[in-house]
Every structure is written in structure tokens, then in C-alpha cells.
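# Coordinate analysis (summary)
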Amino acid sequence: MPDPLLEIDSIEKRFDDFVAVDCVSLSVAPGETVGLLGVNGAGKTTLMNMILGLISPTSGSIRAFGLDLATHRIPILERTNFCTTYATLPGNIKVRHNLEIFARLYSVPKPKEKVAELLELLEITRLSEKITGQLSAGESTRVNLAKALLNDPQLLLLDEPTASLDPDIADKVRKLVRRVQSERHPAILYTSHNMRDIHEVCDRVLFLHQGRILASGTADEITAQFEGKDLDEVFIKIARNELKAPSPPTR
Ligand SMILES: Nc1ncnc2c1ncn2[C@@H]1O[C@H](COP(=O)(O)OP(=O)(O)OP(=O)(O)O)[C@@H](O)[C@H]1O
């Protein structure tokens, strides 16, 4: 097993008295995609925001590329990127201009060429001259993914990339992620409420509940541990506190 690319040790985040993330430890290997599952409010976005250095942990440590985030934020973020449905790009300029601005911010050597390459990879060259704020949700997600790939990140955080997409576009986004996995091999942390995403895209799953990791393993292992029919049923049982104590994990 290669050294982990991302290593989180006993991280906690408190907002006043409320513990949003409670002693979470996890690691992601190079080229591995780890799914982060959990009900609304489980702590997924808070965890992502700490990895991006947007908020500081109350305690615990985050290391990426062998460096401590607390002391090496910039070199880590230069090799990291993220895509979330909930953060939109500036709306009043063309898609191409938006991406070129981000490419320059990331010091990409040939910004125009890189943007053209990614628009082609994500099959959205036709959106290049569109005003960003006028895109549909599905178009916007793919443009956000292009933004997230501009700096060839080795660590990619994808926060609900298929939220609010119709099944056809969600399927296309999953295929794009799989293409990125096979061609670029980033380590990916992927949150979703869509179990199909988890099955199709993730090598391994962590189930976050009330800020803690409740289970980890492949989708099939977690389903077996919690004696569910499938991952959807396990999710619903966890959400409704209808769980039996799980059988011991298989690994
Ligand atoms: N800045 C903040 N101040 C106070 N509480 C916060 C803050 N940010 C998040 N929380 C709380 O922390 C908990 C975890 O929120 P978080 O956004 O991480 O959940 P999530 O798992 O991403 O949920 P969702 O699936 O709905 O996106 C929630 O109860 C939320 O209200």
C-alpha cells in the first residue's frame, strides 16, 4: 500500500458547544476515491472545508503530500482543488473567461490551451462563449469540474457533484469522474447522497454520522456489516436510528 496522500488524525471541529466533526481519522491513498456518506448535517462539508483550509480544526491534524496543512497551506492547496454545486463561479462573464481567470490564479503555464483542453475533455466546448450565470445546473457542474481540474490536482474534493442533476446528466458526470480517475489518477474525496455515485465511482466508503465515522469499507462490506438489502437501506436505517449493532467489519 503506498503512503497516504491525505492523512487526517483525530480531527475535531466545534462551533461553540456544538461538535460538528468529532475525532475523525481517515486516509486517502494516491489514485484512490473515498466516498463520504452521511445524512444532512453529518459533518461532511465541515470536514471538506477543513481540508481546504477554509476553516481551522479545533484540534487534530491534517497532512497532505506529507506536509502539515497548518504550516504548509499554500504548497498543499497548489496541488489540490475542489468542486461543489453550492459555490458558483462569477456569473456575469463568459465560461471561457472565467476558466482563464482561474487558470491564471493557479499559475497554469498556458491558460488558453489548458481551458480548451478541459472543455474538450468534459465535452462542453459548446459552452465556452456562454455567460456563466445563464448555465443550467448540469452545465454549471461540468464547468465547475473543469475549474477543479485546471491545476492538475493530485487531491480532488468533490462535494455532491451530482446534486440537483437529472439522471442523464448525473450519469455523464460520473463517467467524467471515472475518466479523470483513469487518465489523471488523483486521490478523490467524494461526498454524495446518491448511492449510485458511491457504487460507480468510489473504491471505499466512510459513513459519517453526527460528526463521527460510524463505518468504513466497500459499499458491499458496509451493506453486509449493517445487514441491509443495499446501501440505500443502510443509509435510511442510520438516518432513522434503526440500526442493529453491526457485525464485526471484514477488514
Ligand atoms: N459555521 C457554523 N456555525 C455553526 N454550526 C455550523 C457551522 N457550519 C456547520 N455547522 C453545523 O455543523 C453540522 C454539520 O454541517 P455540515 O454542513 O458539515 O453537514 P453536511 O454533512 O455537509 O450536511 P449536508 O448533507 O446537508 O450538506 C450541522 O449541524 C451544521 O448546522
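Residues numbered from 1 in each chain as written. Predicted model: local features only at pLDDT ≥ 70, side-chain atom pairs only at ≥ 80, totals over all residues.

## Concerning the sheet that holds strand S7 (residues 155-159)
Spelled out, the test is: Pairing between strands is defined by DSSP: at least two bridges between them are needed. Numbering of helices and strands runs from the N terminus; a helix is a DSSP stretch of H or I covering at least four residues, while a strand is a stretch of E covering at least two. Axis definition: a line fitted to C-alpha atoms, limited for helices to the stretch in contact. Angles are taken between N-to-C directions and run from 0 to 180 degrees.
Within the open sheet, the 6 strands sit side by side as S6-S7-S8-S3-S9-S10. Their pairing is mixed. One side of each edge strand has no neighbouring strand; the edge strands of this open sheet are strand S6 (80-84) and strand S10 (212-217). Strand-to-strand twist of the sheet, defined as the mean angle between neighbouring strand axes without regard to direction, takes the value 15°. For strand S9 (residues 204-209) and S10, the ladder comprises 5 bridges, and the chain directions are antiparallel. Looking at the pairing, Val205 lines up with Gly217 of S10.

## Considering the packing of helix H5 (residues 137-149) against helix H6 (residues 167-184)
Applicable threshold: Any angle from 65 to 115 degrees is called roughly perpendicular, while one under 35 is roughly parallel, one over 145 is roughly antiparallel, and all others are oblique. Crossing handedness: left-handed means the near helix sits turned counterclockwise from the far one by under a right angle, and right-handed means the same turn made clockwise. Here, residues touch in the contact sense if the C-beta positions derived from the backbone fall within 7 Å of one another.
Viewed as axis vectors pointing N to C, H5 and H6 meet at an angle of 15°, and their least axial separation amounts to 10 Å. Taken together, the axes of H5 and H6 lie roughly parallel to each other. As H5 runs across H6, the sense of the crossing is right-handed. Note on element contacts: H6 touches H5 through Ile169, Val173, Leu176 and Val180, opposite Gly138, Thr141, Arg142, Leu145 and Leu149.

## Some thoughts on the sheet that holds strand S2 (residues 18-28)
Ordered by their spatial adjacency, 4 strands build an open sheet running S2-S1-S4-S5, and the pairing between neighbours is antiparallel. Only two strands of the sheet have a single neighbouring strand rather than two, namely S2 and strand S5 (67-68). Bridge analysis of strand S4 (residues 59-64) against S5 gives 2 bridges, and the strand direction is antiparallel. Residue pairing across strands places Ala64 opposite Leu67, the latter belonging to S5. Those strands touched by helix H1 (residues 44-51) are strand S1 (6-15), S2 and S4, and its axis lies near 60° from that of S2.

## Observations concerning the UniProt feature "domain: ABC transporter" (unreviewed entry) in the protein chain
Going by this rule: UniProt positions are given in the numbering used here, feature names are shortened, and annotations may be inferred rather than shown by experiment.
Per the UniProt record, "domain: ABC transporter" (unreviewed entry) is annotated on residues 6-235. Between the C-alpha atoms that bound residues 6-235 there is a distance of 26 Å. The span itself is 37% helix and 27% strand.

## Points about helix H9 (residues 231-239)
Stated precisely, the cut-off is as follows: For every residue, the other C-beta atoms within 10 Å of its own C-beta are counted; 20 or more classify it as buried, 12 or fewer as exposed, and values in between as partly exposed. C-beta atoms are placed from the backbone. Arc definition: directions from the helix axis to the C-beta atoms.
Of the residues making up H9, those classed as buried are Leu231, Val234, Phe235 and Ile238. Taken down its axis, H9 places every buried residue within 100° of arc, on the same side. In this structure, the buried residues of H9 make contact with strand S3 (33-37), helix H7 (195-201), S9, S10 and helix H8 (219-225). Asn241 sits one or two positions beyond H9 and adopts a positive phi of about 55°.

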